[in-house]
Amino acid sequence: MAEEKIVVVDFGGQYNQLIARRIRQLNIYSEVVPYTISLDELAKEEVKGIIFTGGPNSVYLDSSPKIDKKVFTLGKPILGICYGAQMIAYLLGGEVKTAPTSEYGNTLLHVHDGSLLLKGVHKETNVFMSHTDYIARIPEGFVLTSHTDVCPTGSFENVERQVYATQFHPEVEHSVEGQKMLENFAVNICHCHQTFVKSSFIQDQIEKIRAEVGDGKVLCALSGGVDSSVTAALLAKAIGKNLTCVFVDHGLLRKDEAKQVEEVFGPNGKFDLNFVPFDASELFYSRLKGVTEPEKKRKIIGSTFIEVFNEEKKKLGQMDYLAQGTIYPDRIESGLGISATIKSHHNVGGLPKDIGFKGLIEPLSYLFKDEVREVGLQLGLPKELVYRQPFPGPGLGIRIIGEVTKEKIHIVQEADAIFREEVRKAGLEFKLSQYFAALSNMRSVGVMGDFRTYDYAVVLRAVETDDFMTARPSCLTYEFLSTVADRIVNEVKGVNRVLFDYTSKPPSTIELE
Ligand code: XMP
């Protein structure tokens, strides 16, 4: 039998990935599937339990996503969360109504006696609510297991039918005892074995890659980022010299970054593979000359990258497979998400799939970022690389407002290196989710010694976020910011002003372009 798992059925909620992550934290395998999944899939023996996620819709609309009612006859334990709970109520004959005002945020939950899902939870516990519709009447045969001061139905269950539901979100951190509830569901109700160990992941993948690739040659586009580095390290362990890693330096990397990639993966590094570095910076600079529009810059960098990579590939002879560092959230987002294009993102690993390979190897495609990092450490990658903060594919190209020039790249690299060094010294590295220096296109008048200057203004950005979809500016102290600003204006030629970007996302974004 395949590995036992809890299946998270996605109805469009914001926290669907988080649910699967929380289950995996219990050492139980979990994956997210679209709500259109067939009942045959859900009926498989390895599916030990099913969770319906939240979602933005109202269940009583015909157009809202729903699952076939026969799901309740499969004999699998089911947990509905928020929209999922409302859908259970609706499908089984309860009543869902819309409230005049939404209930949003931390709420005190009053827990009733005797619930299996809420077993061991305090009688009063804080949970996170986010809903406008509410369950006015639970279906017949069900027991109400909690309520809040404004919401009559906090949770309900029918032990015999193995159906459980919570209006609140147990998966988010604000639900203080939420993990206990998920554990009750997965372990006590679904009887999962908590045997999903990631340490076996590496060995399993090595065997899988060897079986698939045989003596074939694999090409990997290395960016120096966490995902492509872990992919390369894993493949190197599996197939050694049959792996070729091409590292295209677009000249838009942070200070010394190309050197660090070479140290880890180059001939003197610890992995046995073919490392092919290629310095394409001049080509990228020439293509970017005179271009100021952000989307145009992104597109030029993305397409030039593919072009250079293809040229390099041609020189390498027959390559059978392309390895990519796709991770689980990438798959979920591209497979299920419907969202407006704010920026055309480009990943260094994100190459078109039709460039002449027999197949695609994506060994990390079932892992979340924290799991990828764990695997990276186990493979012996340096901690600095494994915990590297996110860095966008187009690199400094989108951290320089306006035209990209060598002078500006140099300024931003130096200022950024100082900022990062000071963050490290202050022990803030793991508190901040992302922090960097960018270059505003603004020049202004200053005075240095007895002379007038007319130089650039550097922008410092530091944010805290869990999901990078929203972010808040970090509250760095004035003392700390002054130290950084002083060092930058003193040490980086061409800068006479340092600004701190104090905006949240939304309305701004993390990167400046
Ligand atoms: P924004 O600027 O959209 O960024 O708030 C959110 C997160 O995504 C990163 N980012 C990118 N990552 N290719 C990437 O691989 C891109 O084109 C790209 N643009 C933004 C950004 O650094 C932040 O972590």
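Residues numbered from 1 in each chain as written. Predicted model: local features only at pLDDT ≥ 70, side-chain atom pairs only at ≥ 80, totals over all residues. Heavy atoms only, no water.

> Break down the packing of aromatic side chains for me, citing the residues and quoting the values.
Throughout the structure, instances matching the rule amount to 19 aromatic pairs. Taken together, a centroid distance of 5.8 Å and an interplanar angle of 85° make the contact between Phe11 and Phe52 edge-to-face. Placement of the pair is Phe11 in the loop between strand E1 (5–10) and helix H1 (16–25) and Phe52 in strand E3 (residues 47–52), with a sequence separation of 41 residues. Of the residues examined, Phe11 reaches a relative accessible area of 3% and is grouped as buried. A centroid spacing of 6.2 Å and a plane angle of 85° characterise the contact between Tyr15 and Phe128, whose relative ring orientation is edge-to-face. A residue pair is termed long-range when its members are at least 10 positions apart, and Tyr15 in the loop between E1 and H1 and Phe128 in strand E6 (residues 124–137) qualify at 113 residues. For Phe128, a relative accessible area of 6% gives the class buried. One aromatic cluster is present, formed by Phe11, Tyr35, Phe52, Phe72 and Tyr83 through successive ring pairs. One residue, Arg24, lies across the ring of Tyr328, its end atom 5.1 Å from the ring centre. Directly above the ring of Phe436 sits Arg399, whose terminal nitrogen or CZ lies 3.7 Å from the centroid. (Phe/Tyr/Trp six-rings, centres within 6.5 Å; stacked < 30°, edge-to-face > 60°. Helix = DSSP H or I, 4+ residues; strand = E, 2+ residues; numbered from the N terminus. Buried < 20%, exposed > 50% of the residue type's maximum accessible area, 1.4 Å probe, protein only. Lys NZ or Arg CZ within 6 Å of the ring centre and 35° of its normal.)

> Any details on helix H3 (residues 83–91)? Residues and values, ideally.
Burial within H3 is extensive, with 8 of its 9 residues counted as buried. Restricting attention to buried positions, one finds in H3 the residues Tyr83, Gly84, Ala85, Gln86, Met87, Ile88, Ala89 and Leu91. On its buried side, H3 packs onto E3, strand E4 (78–81), strand E5 (95–111), E6, strand E8 (155–158) and strand E9 (163–166). One or two steps after H3, the chain reaches Gly93, where phi turns positive at roughly 95°. (Contact = heavy atoms within 4.5 Å.)

> Quick rundown of the pattern of salt bridges? Include the residues and the values.
Opposite charge on two side chains permits them to pair, given that their charged atoms come into close proximity. Considering all chains together, one arrives at 27 salt bridges under this definition. As a salt-bridge pair, Lys297 and Glu513 come within 2.8 Å of each other at their nearest N and O atoms. Taken together, the residues Lys297 in helix H9 (residues 294–315) and Glu513 in the segment after strand E18 (495–500) connect sequence positions 216 residues apart. You can call Lys297 buried: its relative accessible area is 0%. Exposure remark for Glu513: the relative accessible area of 8% places this residue in the buried category. Residues joined by salt bridges that share partners form a network here, namely Glu421, Glu422, Lys425, Arg487 and Glu491. (Salt bridge = Lys/Arg side-chain N within 4 Å of Asp/Glu carboxyl O.)

> Outline the confidence of the model for the protein chain, supporting the account with residue identities and numerical values.
Residue-level pLDDT values for the protein chain average 92, and 95% of them are 70 or greater. Below pLDDT 50 for its whole length, residues 336–340 participates in 5 contacts with residues either more than four positions away or in separate chains. (pLDDT = per-residue confidence, 0-100.)

> Could you give an account of the sheet that holds strand E13 (residues 321–323), with specific residues and numbers?
Reading across from one edge, E12-E11-E10-E13-E14 is the order of the 5 strands in this open sheet, with parallel pairing throughout. Each edge of the open sheet is held by one strand with a lone partner, namely strand E12 (274–279) and strand E14 (359–361). On average, adjacent strands in this sheet sit at an angle of 25° to one another, irrespective of strand direction. In the sheet, strand E11 (residues 243–249) pairs with E12 via 6 bridges, with the strands oriented parallel. Pairing of Val248 across the sheet is with Phe278, part of E12. Each of strand E10 (218–222), E11, E13 and E14 is contacted by helix H6 (residues 226–239), which is oriented at about 155° to E10, the strand it contacts most. Against the sheet, helix H7 (residues 257–265) engages E10, E11 and E12, with an angle of about 165° to E12. (Pairing = 2+ DSSP bridges. Axes fitted to C-alpha atoms, helices over the stretch in contact; angles between N-to-C directions.)

> Give me the side chain of Lys297: which residues, what numbers.
Looking at Lys297, its side chain comes within polar contact range of the side chain of Glu513, at 2.8 Å. Excluding anything up to four places from it in sequence, Lys297 contacts Leu288, Val291, Thr292, Gly397, Ile400, Ile401, Gly402, Val404 and Glu513. (Polar contact = N/O pair within 3.5 Å; in protein donor to acceptor, adjacent residues only side chain to side chain.)

> Just give me the short version of the packing of helix H8 (residues 281–288) against H9, but keep the residues and values in it.
Two numbers describe how H8 lies on H9: the axes approach to 10 Å, and their chain directions differ by 145°. At the point where H8 passes H9, the crossing takes the right-handed sense. Residues Leu283, Phe284, Arg287 and Leu288 of H8 lie in contact with H9, whose contacting residues are Lys297, Ile300, Ile301, Thr304, Phe305, Glu307 and Val308. Across the contact of H8 with H9, the residue classes break down as 7 nonpolar, 1 polar and 3 charged. (Left-handed = near helix turned anticlockwise from the far one by under 90°. Nonpolar A, V, L, I, M, F, W, Y, C, P; charged D, E, K, R; others polar.)

> Run through the environment of Pro363, naming residues and quoting values.
Counting through the fold element by element, Pro363 comes out in the loop between E14 and helix H11 (369–378). A sequence separation of 42 residues divides Pro363 from Tyr321, and the C-alpha atoms of the two residues are 12 Å apart.

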